[in-house]
Amino acid sequence: MHPAPDQERQRWLLPVILVAVVAAAAAAMVARELYATVAVERQSQSAPILPSASAIPISAQPGPRDVRATQDATGHPLYETVRQLLQTYFDAINGKNYARWKTTVTEARVKDMPEDTWRAAYRTTQDGSVVVYRIETGPVSNARILLTFVSKQDPADAPLELPAECIRWNVIFPLTEVEGEWRIDAGPTGASPQHDRC
């Protein structure tokens, strides 16, 4: 006696369903592993390992010259613009290039620091270990950057209140958008930074 057509269909349908479920589960596990690997690679590319300024010996200060950032900062829409702006700003100081520095700041900053004053202030300065911790957008065309960096200089060129060869700075740079380009502005947030000896 042959099984009914419905029983025959059920007999082969169950293994097919099981195979499909197992295949789907395996595909999901492979996809999850793949996406996790891609996410880790993207995170490592966008947020390089931050140097600990205190772990760098004085002889190697001011540390790396490339601008780095925390994961919080790299997630901000303005991050890449901010990173390029700060890289140009610090490269100009390290290279003693006043014309290049002027392209990163507002006219108010330029007026506060004409070329002769700028050259005297940064005569022996070398900056490094720049880390952007936070980017905050405020009113239209305005933002603030919380960052730290290390400067090394002749103690005679250091701030009067801290005549040190190596200084760690914690600062807030105000930014303003000028004709479609972001610039570092003058203002009270950047005027009184926290700083201590390396």
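Owing to the predicted nature of the structure, the values given are computational and were not obtained by experimental measurement.

Enquirer: Tell me about the environment of E107, and name the residues and values.
Expert: As for its placement among the helices and strands, E107 is situated in helix α5 (residues 107-112). Judged by relative accessible area, which is 57%, E107 ranks as exposed. In the structure, E107 is positioned 76 residues away from R183 in sequence and 9.3 Å away in space, judged by C-alpha atoms.

Enquirer: With reference to specific residues and values, describe the state of the cysteines.
Expert: One pass over the structure, following the stated rule, counts one disulfide. The partner cysteine of C166 in its disulfide is C198, sulfur to sulfur 2.1 Å. Sign of the S-S torsion, about -70 degrees for the bond between C166 and C198, identifies this disulfide as left-handed. Of the two residues, C166 is situated in strand β4 (residues 166-178) and C198 in the segment after β6 (194-197); the sequence distance between them amounts to 32 residues. Overall, the relative accessible area of 4% leaves C166 in the buried class.

Enquirer: Residue-level account of helix α3 (residues 79-94), with values.
Expert: When the terminal C-alpha atoms of α3 are compared, their 22 Å separation across 16 residues agrees well with the 22 Å that a helix rising 1.5 Å per residue should span. The set of residues buried in α3 consists of Y79, V82, L85, L86, Q87, Y89, F90, A92, I93 and N94. Downstream of α3 by a residue or two, K96 has a phi angle that is positive, lying close to 55 degrees.

Enquirer: Lay out the environment of M113 with the relevant residues and their values.
Expert: Of note, M113 is situated in the loop between α5 and α6 (115-121). In this structure, M113 is in contact with Y98, W101, W118, A121 and Y122, ignoring residues within four places of it in sequence.

Enquirer: Can you explain unusual backbone geometry? Please cite residues and give values.
Expert: Between Q61 and the following residue, P62, the backbone shows a cis peptide bond with an omega angle of 15 degrees. If you trace the backbone, P62 turns up in the loop between α1 (5-46) and β1 (68-69). Phi is positive for E179, close to 50 degrees, though the residue is something other than glycine.

Enquirer: Please give an account of the environment of N170 that cites residues and values.
Expert: Locating N170 in the fold gives a position in strand β4. Taking the C-alpha atoms as reference points, N170 and P193, 23 residues apart in sequence, are found 6.0 Å from one another.

Enquirer: Tell me about the pattern of salt bridges, and name the residues and values.
Expert: Counted under the stated rule, the structure contains ten salt bridges. For E115, the salt bridge identified is with R119, shortest N-O distance 3.0 Å. Remark: R119 and E115 occur in helix α6; sequence separation between them is four residues, near one turn of the helix. Using a relative accessible area of 37% as the deciding quantity, one classes E115 as partly exposed. For R119, a relative accessible area of 37% puts it in the partly exposed group. With a shortest N-O distance of 3.1 Å, E136 and R134 are connected by a salt bridge.

Conventions we followed
- Residue numbers here run from 1 along each chain, matching the order of that chain's written sequence.
- Totals for whole chains, interfaces and linings use every residue, but because this is a predicted model, local features are given only for residues with pLDDT of at least 70 and side-chain atom pairs only at 80 or more, for both listing and counting.
- Side-chain figures throughout are based on the complete set of non-hydrogen atoms in the structure, without hydrogens or water.
- Secondary structure elements follow DSSP: runs of H or I of four or more residues count as helices, runs of E of two or more count as strands, with numbering from the N terminus.
- Only protein chains enter the calculation, and the probe is 1.4 Å; a residue is then buried if its accessible area is under 20% of its type maximum, exposed if over 50%, and partly exposed in between.
- Any two cysteine sulfur atoms within 2.5 Å of one another count as a disulfide.
- A helix is expected to reach a length of 1.5 Å times the quantity of its residues less one.
- For this analysis, residues touch if any pair of their heavy atoms sits within 4.5 Å.
- By definition, a salt bridge exists where a carboxyl oxygen of Asp or Glu is found within 4 Å of a side-chain nitrogen of Lys or Arg.

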